Amino acid sequence: MQAVEIRKNRFIGAGHPAYIIAEIGINHNGSLDLAKQLISEAAKAGCDAVKFQKRTPELCVPKDQWEKQRDTPWGRMSYIDYKRKTEFGQAEYTAIDDYCRALGIDWFASCWDEPSVDFMEQFAPVLYKMASASLTDKPLLDRVRATGRPLMLSTGMSTLDEIHQAVKWVGLDKLMIAHSTSSYPCPPAELNLRMVPVLQGMFPNTPIGYSGHETGLATTVAAVTLGASFVERHFTLDRAMWGSDHAASVEPGGMAKLVRDIRDVEEGLGDGVKRVYDSELEPRARLRRELTPNNA
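Conventions and cut-offs
- Residues numbered from 1 in each chain as written.
- Predicted model: local features only at pLDDT ≥ 70, side-chain atom pairs only at ≥ 80, totals over all residues.
- Heavy atoms only, no water.
- Core = buried A, V, L, I, M, F, W, Y, C linked by side-chain atoms within 4.5 Å.
- Buried < 20%, exposed > 50% of the residue type's maximum accessible area, 1.4 Å probe, protein only.
- Helix = DSSP H or I, 4+ residues; strand = E, 2+ residues; numbered from the N terminus.
- Contact = heavy atoms within 4.5 Å.
- UniProt positions renumbered as here; feature names shortened; annotations may be inferred.
- Pairing = 2+ DSSP bridges.
- Right-handed = clockwise from strand over helix to strand, strands pointing away.
- Axes fitted to C-alpha atoms, helices over the stretch in contact; angles between N-to-C directions.
- Parallel < 35°, antiparallel > 145°, perpendicular 65-115°, else oblique.
- Left-handed = near helix turned anticlockwise from the far one by under 90°.
- Nonpolar A, V, L, I, M, F, W, Y, C, P; charged D, E, K, R; others polar.
- Polar contact = N/O pair within 3.5 Å; in protein donor to acceptor, adjacent residues only side chain to side chain.
- Expected span 1.5 Å × (residues − 1).
- Salt bridge = Lys/Arg side-chain N within 4 Å of Asp/Glu carboxyl O.

## A closer look at the nonpolar core
- Core analysis: the largest hydrophobic core is formed by 60 residues, its most contacted members being Cys 47, Val 50, Phe 52, Tyr 93, Trp 107, Met 120 and Leu 153.
- Ranked by residue count, the leading element in this core is helix α1 (residues 32–45), at six residues.
- Leave out the neighbours within four places in its chain, and Val 50 touches Ala 22, Ile 24, Ile 39, Ala 42, Cys 100, Ile 105, Asp 106, Trp 107 and Phe 108.
- By size, the runner-up hydrophobic cluster in this structure holds 13 residues, among which are Ile 6, Ala 49, Val 126 and Met 152.

Printed below as a string of structure tokens:
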């Protein structure tokens, strides 16, 4: 497997620590203060990056949905106004960029339309992540590829043929692929973690990762054991908060445990070379029965 360099001296791929992403997404609920709290907690937990989502509501919301009414924390409003209310702009992302740099944590975004890619370019993100819904969006894939930055493709709600077609379209250069199941929250029976090694077999030179939407932590750790080079989980301060993604998200304490367990698993996997460790010499001398020529 070839590793992808996302910034100086940080690679994603075999032989490198799993790249752990806390997806804030839209869990900031339109609040910069809440976004900063989430960034701070992700950094404390030991995450490598936080991820946001960037949309142009007028391009991403179907017009027949614009005027549908929705109950929100700001009162009852049209769906398009709600999406505008939760979308960050220049001031917020400039503040996020400054804050992440100060904390030493990477940040990037899933862009859902071409103008959003153009907007994000001013911040020189370490990579772009394509949501599963965008796997077949060739104009958007073209715009992201034109930036020359590394690309993560998420593969939820997609067939193997669609995955092959997307990879053929974007090419293998600086490409990473994430196994995912697009249900929120996702039941364990539908996680299908064995797709991680399957994708590795299909794309042997491409780092394969995992984007999870389950409620527990153990299965994400298992994805790393199966070979995932990066993992992504939705992140929230409180799973009971208002919003569509909070229930399938990990809270700060859980994220810290997830990072710890992943690092323990990485260390515990070792290199596959059998050896007798120094720590075993004393028990070996004490516990093994001494054999003589008569009982050997």
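## Side note on the UniProt feature "domain: PseI/NeuA/B-like" (unreviewed entry) in the chain
- In the numbering used here, UniProt assigns the "domain: PseI/NeuA/B-like" (unreviewed entry) feature to residues 38–274.
- What you have in residues 38–274 is 39% helix and 18% strand, and the ends, taken at the C-alpha atoms, are 42 Å apart.

## Here's the deal with the pairing of strand β9 (residues 151–154)
- Judged by which residues are buried, β9 turns out to be covered on both faces: Leu 151 and Leu 153 on one side and Met 152 and Ser 154 on the other are all buried.
- Pairing of strand β8 (residues 128–130) with β9 involves three bridges; the strand directions are parallel. For Tyr 128, the partnering residue across the bridge sits in β9 and is Leu 151.
- A crossover links β8 with its parallel partner β9, the connecting element being helix α6 (residues 138–145), and its sense is right-handed.
- When β9 meets strand β10 (residues 175–180), the two strands line up parallel, connected through four bridges. Directly across from Met 152, in β10, lies its bridge partner Met 176.
- In this region the chain leaves β9, passes through helix α7 (residues 160–170) and returns to the parallel neighbour β10; the handedness of that crossover is right-handed.

## Some words on unusual backbone geometry
- A cis amide bond links Tyr 184 to the next residue, Pro 185, at an omega of -15°.
- When you line up the elements, Pro 185 lands in the loop between β10 and α8 (195–202).
- Residue Ala 124 is not a glycine yet carries a positive backbone phi of 45°.
- Tracing the chain through its elements places Ala 124 in the loop between α5 (114–120) and β8.
- Positive phi outside glycine occurs at Asn 192, with the angle close to 55°.
- Along the chain, the position of Asn 192 falls in the loop between β10 and α8.
- Look at Asn 192 and you get partly exposed, because its relative accessible area is 45%.

## With respect to the packing of α1 against helix α4 (residues 90–103)
- Between α1 and α4, whose axes approach to 11 Å, the crossing angle comes to 20°. Judged on the interaxial angle alone, α4 and α1 are roughly parallel. As for the relative orientation of α1 and α4, their crossing is right-handed in sense. Note on element contacts: α4 touches α1 through Glu 92, Ala 95, Ile 96, Tyr 99, Cys 100 and Leu 103, opposite Leu 32, Lys 36, Ile 39, Ser 40 and Ala 43.
- Partitioning the contact of α1 with α4 into residue classes produces eight nonpolar, one polar and two charged.

## Thoughts on the environment of Pro 62
- Turning to its location among the elements, Pro 62 is positioned in the loop between α2 (57–60) and β5 (69–72).
- C-alpha of Pro 62 to C-alpha of Ile 80: the two residues are 18 residues apart in sequence and 9.2 Å apart in space.

## With respect to the side chain of Ser 180
- By the element assignment, Ser 180 lies in strand β10.
- Residue Ser 180 is classed as buried on the basis of its relative accessible area, which comes to 5%.
- Polar side-chain contacts of Ser 180 include one of 3.0 Å to the backbone oxygen of Ser 211.
- The contact partners of Ser 180, leaving out residues within four places of it in the chain, are Ser 132, Ser 154, Thr 155, Gly 156, Ser 211 and His 213.

## A look at α1
- Here α1 is 14 residues long and its end C-alpha atoms lie 20 Å apart, about the 20 Å a rise of 1.5 Å per residue gives.
- Listed in full, the buried residues belonging to α1 are Leu 34, Ala 35, Leu 38, Ile 39, Ser 40, Ala 42 and Ala 45.
- As for α1, its buried residues are in contact with β3 (19–25), β4 (49–54), α4 and α10 (252–269).
- Residue Gly 46 follows α1 closely and has a positive phi angle near 100°.

## Some thoughts on the pattern of salt bridges
- On inspection of all chains with the given rule, the structure shows 20 salt bridges.
- Between Glu 23 and Lys 51 there is a salt bridge, with the nearest N and O atoms lying 3.1 Å from each other. Of this pair, Glu 23 sits in strand β3 while Lys 51 sits in strand β4; the two residues are 28 residues apart in sequence, bridging distant segments of the chain. Judged on exposure class, the residue Glu 23 and its partner Lys 51 are both buried.
- One salt bridge connects Asp 71 with Arg 76, and the closest N-O pair in it is separated by 3.0 Å.
- Residues joined in a network through salt bridges with shared partners are Arg 10, Asp 48, Arg 263 and Glu 266.

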